[in-house]
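Here are the chains, one letter per residue:
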Amino acid sequence: MPHKPVRLPPLKVLRVRNPNKTETNACVTVLASVLACWASAGYNSAGCQNIEMSLRGCMDAPPTPAPPTNTINYHLRRLSGKLISQAKKGK
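Now for a quick tour of the structure. (Residues numbered from 1 in each chain as written. Predicted model: local features only at pLDDT ≥ 70, side-chain atom pairs only at ≥ 80, totals over all residues. Heavy atoms only, no water.)

### Some points on the overall build of the chain
Then, number 1: Helix and strand content of the chain: 3 helices and 0 strands.
Then, number 2: Within the chain, the proportion of its 91 residues that are buried is 11%.
Then, number 3: Counting only contacts in the chain whose residues sit at least 6 apart along the sequence, the fraction spanning at least 24 positions is 64%. (Helix = DSSP H or I, 4+ residues; strand = E, 2+ residues; numbered from the N terminus. Buried < 20%, exposed > 50% of the residue type's maximum accessible area, 1.4 Å probe, protein only. Contact = heavy atoms within 4.5 Å.)

### Here's the deal with the state of the cysteines
Then, number 1: Per the stated rule, a full pass over the model turns up 2 disulfides.
Then, number 2: Two residues share a disulfide in this structure: C37 and C48, whose sulfurs sit 1.8 Å from each other. Looking along the S-S bond of the C37-C48 disulfide, the torsion reads about -90 degrees, which is the left-handed sense. Of the two residues, C37 sits in helix α1 (residues 26-41) while C48 sits in the loop between α1 and α2 (49-60), which places them 11 residues apart along the sequence.
Then, number 3: Here the chain pairs its bonded cysteines, counted in sequence order, in the arrangement 1-4, 2-3. (Disulfide = S-S within 2.5 Å.)

Written out as structure tokens, the structure reads:
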């Protein structure tokens, strides 16, 4: 017995919102701490040396490799012509 194809409701646009989540840089928080320390204690303050050293260590570390990009929207756009044409033929 043949199976009936599953019919999906018509969609205006095939698109997934924000498939690529950007990761925040870890050095940004340390930089904010250094700037806050300088603002409260002065630029050449001895109390900020530990935070400055952690910022230098963070900046000198090798960058993390970028994650592969998600191609879901590309494939949805590529296949939308086939999906929409099948929906129009069924009407």
